[in-house]
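Close look at the chain arrangement
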Amino acid sequence: MKQRIITGVLAAAVFILFILLGDMPLVLFTFLIGAIALYELLKMRKLHLWSFSGVLSLLVTWIFILPDEYIGFLAEWNLSKTEIGLLAILLYLTYMVASKNKFTFDDVGFSVLSVLYIGVGFHFFVQISNNDLTMLVYSLFIIWATDSGAYFIGRAFGKRKLWPEISPNKTVEGFVGGIVCAVVVAVLFYVFGYIEWSIIPLITIILSIFGQIGDLAESALKRHYGVKDSGRILPGHGGILDRFDSLLFVWPLLYFILDMLGKL
(Lines give C-alpha, C1' and ligand atoms only; values in the text may rest on other atoms or scores of the structure.)
Protein backbone atom coordinates (compact mmCIF):
# COMPACT_ATOMS: atom_id res chain seq x y z
CA MET A 1 0.00 0.00 0.00
CA LYS A 2 2.87 2.37 0.87
CA GLN A 3 4.49 1.84 -2.53
CA ARG A 4 1.13 2.37 -4.23
CA ILE A 5 0.59 5.69 -2.44
CA ILE A 6 4.12 6.98 -3.19
CA THR A 7 3.85 6.02 -6.87
CA GLY A 8 0.39 7.57 -7.11
CA VAL A 9 1.51 10.88 -5.60
CA LEU A 10 4.63 11.13 -7.80
CA ALA A 11 2.74 10.16 -10.97
CA ALA A 12 -0.04 12.65 -10.20
CA ALA A 13 2.51 15.42 -9.60
CA VAL A 14 4.21 14.81 -12.96
CA PHE A 15 0.84 14.56 -14.71
CA ILE A 16 -0.46 17.81 -13.21
CA LEU A 17 2.84 19.58 -14.02
CA PHE A 18 2.48 18.87 -17.74
CA ILE A 19 -1.20 19.82 -17.67
CA LEU A 20 -0.23 23.21 -16.22
CA LEU A 21 2.57 23.64 -18.78
CA GLY A 22 0.09 22.95 -21.58
CA ASP A 23 0.76 23.55 -25.30
CA MET A 24 3.60 21.56 -26.88
CA PRO A 25 5.07 20.15 -23.60
CA LEU A 26 1.65 18.62 -22.89
CA VAL A 27 1.36 17.24 -26.43
CA LEU A 28 4.82 15.64 -26.22
CA PHE A 29 4.03 14.19 -22.80
CA THR A 30 0.78 12.79 -24.19
CA PHE A 31 2.74 11.28 -27.08
CA LEU A 32 4.91 9.50 -24.50
CA ILE A 33 2.11 8.06 -22.36
CA GLY A 34 0.13 7.24 -25.51
CA ALA A 35 3.10 5.30 -26.89
CA ILE A 36 3.47 3.36 -23.63
CA ALA A 37 -0.26 2.58 -23.55
CA LEU A 38 -0.11 1.38 -27.18
CA TYR A 39 2.93 -0.79 -26.38
CA GLU A 40 1.06 -2.36 -23.45
CA LEU A 41 -2.00 -3.02 -25.57
CA LEU A 42 -0.10 -4.56 -28.50
CA LYS A 43 1.95 -6.67 -26.09
CA MET A 44 -1.24 -8.36 -24.85
CA ARG A 45 -1.66 -9.83 -28.32
CA LYS A 46 2.08 -10.47 -28.68
CA LEU A 47 2.45 -7.79 -31.35
CA HIS A 48 5.75 -5.92 -31.29
CA LEU A 49 5.85 -2.14 -31.24
CA TRP A 50 9.15 -2.14 -33.15
CA SER A 51 7.75 -3.93 -36.20
CA PHE A 52 6.25 -2.48 -39.37
CA SER A 53 2.71 -2.76 -38.02
CA GLY A 54 3.76 -1.49 -34.58
CA VAL A 55 5.56 1.59 -35.89
CA LEU A 56 2.63 2.29 -38.23
CA SER A 57 0.26 2.03 -35.25
CA LEU A 58 2.46 4.39 -33.24
CA LEU A 59 2.65 7.03 -35.97
CA VAL A 60 -1.09 6.97 -36.63
CA THR A 61 -1.80 7.09 -32.88
CA TRP A 62 0.35 10.21 -32.59
CA ILE A 63 -1.47 11.81 -35.53
CA PHE A 64 -4.81 11.04 -33.88
CA ILE A 65 -3.60 12.48 -30.56
CA LEU A 66 -2.62 15.82 -32.11
CA PRO A 67 -5.00 18.62 -31.05
CA ASP A 68 -6.86 20.47 -33.79
CA GLU A 69 -4.52 23.48 -33.74
CA TYR A 70 -1.53 21.32 -34.68
CA ILE A 71 -2.88 19.50 -37.72
CA GLY A 72 -2.31 22.26 -40.27
CA PHE A 73 0.37 20.16 -41.98
CA LEU A 74 -2.30 17.60 -42.89
CA ALA A 75 -4.43 20.29 -44.54
CA GLU A 76 -1.45 21.28 -46.69
CA TRP A 77 -1.61 17.77 -48.19
CA ASN A 78 -5.43 17.85 -48.36
CA LEU A 79 -5.55 15.04 -45.80
CA SER A 80 -7.71 14.49 -42.73
CA LYS A 81 -7.25 12.14 -39.80
CA THR A 82 -9.97 9.91 -41.26
CA GLU A 83 -8.08 9.61 -44.54
CA ILE A 84 -4.84 8.86 -42.67
CA GLY A 85 -6.69 6.10 -40.82
CA LEU A 86 -8.03 4.60 -44.05
CA LEU A 87 -4.57 4.70 -45.61
CA ALA A 88 -3.20 2.93 -42.53
CA ILE A 89 -5.76 0.14 -42.95
CA LEU A 90 -4.56 -0.40 -46.53
CA LEU A 91 -0.97 -0.57 -45.28
CA TYR A 92 -1.92 -3.05 -42.54
CA LEU A 93 -3.61 -5.27 -45.12
CA THR A 94 -0.62 -4.97 -47.45
CA TYR A 95 1.65 -6.01 -44.58
CA MET A 96 -0.67 -8.98 -43.92
CA VAL A 97 -0.04 -10.16 -47.47
CA ALA A 98 3.72 -9.42 -47.35
CA SER A 99 4.10 -11.31 -44.06
CA LYS A 100 2.33 -14.35 -45.56
CA ASN A 101 -0.33 -14.18 -42.83
CA LYS A 102 2.10 -14.07 -39.92
CA PHE A 103 0.37 -10.74 -39.32
CA THR A 104 -3.24 -11.87 -39.64
CA PHE A 105 -6.54 -10.17 -40.44
CA ASP A 106 -7.38 -10.41 -36.73
CA ASP A 107 -4.12 -8.58 -35.99
CA VAL A 108 -5.17 -5.87 -38.45
CA GLY A 109 -8.45 -5.41 -36.60
CA PHE A 110 -6.74 -5.38 -33.21
CA SER A 111 -4.20 -2.80 -34.40
CA VAL A 112 -6.87 -0.50 -35.87
CA LEU A 113 -8.98 -0.62 -32.70
CA SER A 114 -5.87 -0.07 -30.55
CA VAL A 115 -5.00 3.08 -32.50
CA LEU A 116 -8.55 4.40 -32.18
CA TYR A 117 -8.83 3.51 -28.48
CA ILE A 118 -5.54 5.17 -27.49
CA GLY A 119 -5.37 7.93 -30.10
CA VAL A 120 -8.93 9.24 -29.78
CA GLY A 121 -8.98 9.00 -25.98
CA PHE A 122 -5.77 10.96 -25.49
CA HIS A 123 -6.69 13.42 -28.26
CA PHE A 124 -9.68 14.57 -26.25
CA PHE A 125 -7.54 14.76 -23.12
CA VAL A 126 -5.37 17.38 -24.87
CA GLN A 127 -8.40 19.12 -26.42
CA ILE A 128 -10.18 19.51 -23.08
CA SER A 129 -6.95 20.65 -21.41
CA ASN A 130 -6.46 23.36 -24.04
CA ASN A 131 -10.10 24.50 -23.94
CA ASP A 132 -11.22 24.22 -20.32
CA LEU A 133 -8.69 23.32 -17.64
CA THR A 134 -11.39 23.33 -14.94
CA MET A 135 -13.35 20.59 -16.73
CA LEU A 136 -10.21 18.52 -17.16
CA VAL A 137 -9.49 18.74 -13.42
CA TYR A 138 -13.15 17.91 -12.77
CA SER A 139 -12.87 14.78 -14.95
CA LEU A 140 -9.78 13.62 -13.05
CA PHE A 141 -11.36 14.15 -9.63
CA ILE A 142 -14.65 12.43 -10.41
CA ILE A 143 -12.87 9.38 -11.85
CA TRP A 144 -10.46 9.22 -8.91
CA ALA A 145 -13.52 9.48 -6.63
CA THR A 146 -15.29 6.77 -8.63
CA ASP A 147 -12.32 4.41 -8.41
CA SER A 148 -11.73 5.03 -4.71
CA GLY A 149 -15.41 4.86 -3.83
CA ALA A 150 -15.94 1.65 -5.78
CA TYR A 151 -12.89 0.06 -4.12
CA PHE A 152 -13.53 1.01 -0.50
CA ILE A 153 -17.34 0.74 -0.53
CA GLY A 154 -17.09 -2.51 -2.45
CA ARG A 155 -14.71 -3.95 0.12
CA ALA A 156 -16.82 -2.79 3.05
CA PHE A 157 -20.33 -3.57 1.81
CA GLY A 158 -19.98 -5.51 -1.44
CA LYS A 159 -22.00 -8.74 -1.62
CA ARG A 160 -23.46 -8.97 -5.13
CA LYS A 161 -20.98 -9.53 -7.94
CA LEU A 162 -21.21 -6.96 -10.72
CA TRP A 163 -19.71 -8.91 -13.62
CA PRO A 164 -17.74 -11.93 -12.34
CA GLU A 165 -16.95 -13.24 -15.84
CA ILE A 166 -14.91 -10.09 -16.48
CA SER A 167 -13.83 -8.76 -13.07
CA PRO A 168 -14.62 -11.12 -10.19
CA ASN A 169 -13.83 -8.60 -7.43
CA LYS A 170 -16.17 -5.81 -8.54
CA THR A 171 -19.56 -5.59 -6.86
CA VAL A 172 -22.86 -3.85 -7.49
CA GLU A 173 -22.46 -2.00 -4.19
CA GLY A 174 -19.02 -0.77 -5.23
CA PHE A 175 -20.36 0.31 -8.63
CA VAL A 176 -23.10 2.39 -7.02
CA GLY A 177 -20.74 3.66 -4.32
CA GLY A 178 -18.32 4.91 -6.97
CA ILE A 179 -21.10 6.90 -8.64
CA VAL A 180 -22.21 8.41 -5.31
CA CYS A 181 -18.65 9.49 -4.46
CA ALA A 182 -18.24 11.06 -7.91
CA VAL A 183 -21.49 13.01 -7.48
CA VAL A 184 -20.34 14.28 -4.06
CA VAL A 185 -17.15 15.62 -5.67
CA ALA A 186 -19.14 17.21 -8.51
CA VAL A 187 -21.47 18.92 -6.02
CA LEU A 188 -18.40 20.38 -4.27
CA PHE A 189 -17.21 21.78 -7.62
CA TYR A 190 -20.66 23.38 -7.98
CA VAL A 191 -20.89 24.67 -4.40
CA PHE A 192 -17.47 26.32 -4.55
CA GLY A 193 -18.29 27.95 -7.89
CA TYR A 194 -15.84 26.10 -10.14
CA ILE A 195 -18.73 24.77 -12.22
CA GLU A 196 -22.00 26.69 -12.48
CA TRP A 197 -24.31 24.17 -14.15
CA SER A 198 -27.12 22.70 -12.07
CA ILE A 199 -27.13 19.59 -14.28
CA ILE A 200 -23.56 18.69 -13.29
CA PRO A 201 -24.73 15.80 -11.01
CA LEU A 202 -26.52 14.20 -13.98
CA ILE A 203 -23.47 14.63 -16.21
CA THR A 204 -21.31 13.15 -13.45
CA ILE A 205 -23.51 10.07 -13.12
CA ILE A 206 -23.18 9.43 -16.87
CA LEU A 207 -19.41 9.93 -16.82
CA SER A 208 -18.94 7.80 -13.71
CA ILE A 209 -20.91 4.94 -15.27
CA PHE A 210 -18.92 5.11 -18.50
CA GLY A 211 -15.67 5.42 -16.55
CA GLN A 212 -16.45 2.14 -14.82
CA ILE A 213 -17.37 0.58 -18.16
CA GLY A 214 -13.95 1.69 -19.43
CA ASP A 215 -12.35 -0.08 -16.47
CA LEU A 216 -14.37 -3.21 -17.21
CA ALA A 217 -13.44 -3.03 -20.91
CA GLU A 218 -9.74 -3.19 -20.06
CA SER A 219 -10.44 -5.97 -17.53
CA ALA A 220 -12.17 -7.91 -20.32
CA LEU A 221 -9.12 -7.44 -22.55
CA LYS A 222 -6.72 -8.60 -19.85
CA ARG A 223 -8.87 -11.62 -19.00
CA HIS A 224 -9.15 -12.58 -22.67
CA TYR A 225 -5.37 -12.42 -23.16
CA GLY A 226 -4.47 -13.86 -19.74
CA VAL A 227 -2.74 -10.71 -18.45
CA LYS A 228 -2.88 -9.55 -14.81
CA ASP A 229 -1.68 -5.96 -15.36
CA SER A 230 -1.14 -4.07 -18.61
CA GLY A 231 2.42 -3.22 -17.53
CA ARG A 232 4.79 -2.56 -14.63
CA ILE A 233 5.84 1.02 -15.24
CA LEU A 234 3.89 2.26 -12.18
CA PRO A 235 4.85 0.10 -9.16
CA GLY A 236 1.75 -0.83 -7.19
CA HIS A 237 -0.54 0.41 -9.98
CA GLY A 238 0.41 -1.64 -13.03
CA GLY A 239 0.70 0.01 -16.42
CA ILE A 240 -0.43 3.21 -18.10
CA LEU A 241 -3.57 1.51 -19.40
CA ASP A 242 -4.45 0.37 -15.89
CA ARG A 243 -4.46 4.02 -14.78
CA PHE A 244 -6.14 5.58 -17.82
CA ASP A 245 -8.68 2.94 -18.87
CA SER A 246 -11.60 4.85 -17.32
CA LEU A 247 -10.44 8.24 -18.56
CA LEU A 248 -10.01 7.03 -22.14
CA PHE A 249 -13.77 6.45 -22.12
CA VAL A 250 -14.63 9.60 -20.18
CA TRP A 251 -12.65 12.27 -22.06
CA PRO A 252 -14.30 11.81 -25.50
CA LEU A 253 -17.74 11.63 -23.89
CA LEU A 254 -17.08 14.72 -21.76
CA TYR A 255 -15.88 16.65 -24.83
CA PHE A 256 -19.04 15.72 -26.75
CA ILE A 257 -21.22 16.81 -23.82
CA LEU A 258 -19.37 20.14 -23.49
CA ASP A 259 -19.66 20.72 -27.23
CA MET A 260 -23.36 19.84 -27.22
CA LEU A 261 -23.98 22.28 -24.35
CA GLY A 262 -21.96 25.01 -26.10
CA LYS A 263 -19.40 25.15 -23.30
CA LEU A 264 -16.27 24.95 -25.46
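Observations regarding the packing of aromatic side chains
Per the stated rule, a full pass over the model turns up 20 aromatic pairs. Their ring planes at 25 degrees and their centres at 5.3 Å tell us that F31 and W62 sit as a pair that is stacked. With F31 in helix 2 (residues 23–44) and W62 in helix 3 (residues 52–65), this residue pair connects regions lying 31 residues apart in the sequence. According to the relative accessible area criterion, W62 is partly exposed, its value standing at 27%. Through successive ring pairs, a cluster of aromatic residues spans F15, F18, F29, F122, F125, F244 and W251.

Observations concerning the environment of L41
Relative to the helices and strands, L41 resides in helix 2. Apart from the residues lying within four places of it in its own chain, the contact partners of L41 are F110, S114, Y117, I118, L221 and L241.

Side note on the confidence of the model for the protein
In the predicted model, the protein carries a mean pLDDT of 90, and 96% of its residues have values of at least 70. Looking over the protein, one finds the lowest element-wise mean pLDDT in helix 1 (residues 2–21), namely 76, and the highest in helix 3, namely 96.

Regarding the pattern of salt bridges
Under the criterion given, the structure shown has five salt bridges. Measuring nitrogen to oxygen at the nearest pair gives 3.1 Å for the salt bridge that ties R160 to E173. Here R160, found in the loop between helix 7 (133–157) and strand 1 (161–163), pairs with E173, found in helix 8 (residues 172–191); they are 13 residues apart in sequence, far enough to count as distant. Assessed through its relative accessible area of 54%, R160 is described here as exposed. Accessibility expressed as a relative area gives 16% for E173, which makes it buried. Sharing partners across several salt bridges, the network here consists of E218, K222 and D242.

Parameters at a glance
- Residues numbered from 1 in each chain as written.
- Predicted model: local features only at pLDDT ≥ 70, side-chain atom pairs only at ≥ 80, totals over all residues.
- Heavy atoms only, no water.
- Phe/Tyr/Trp six-rings, centres within 6.5 Å; stacked < 30°, edge-to-face > 60°.
- Helix = DSSP H or I, 4+ residues; strand = E, 2+ residues; numbered from the N terminus.
- Buried < 20%, exposed > 50% of the residue type's maximum accessible area, 1.4 Å probe, protein only.
- Contact = heavy atoms within 4.5 Å.
- pLDDT = per-residue confidence, 0-100.
- Salt bridge = Lys/Arg side-chain N within 4 Å of Asp/Glu carboxyl O.

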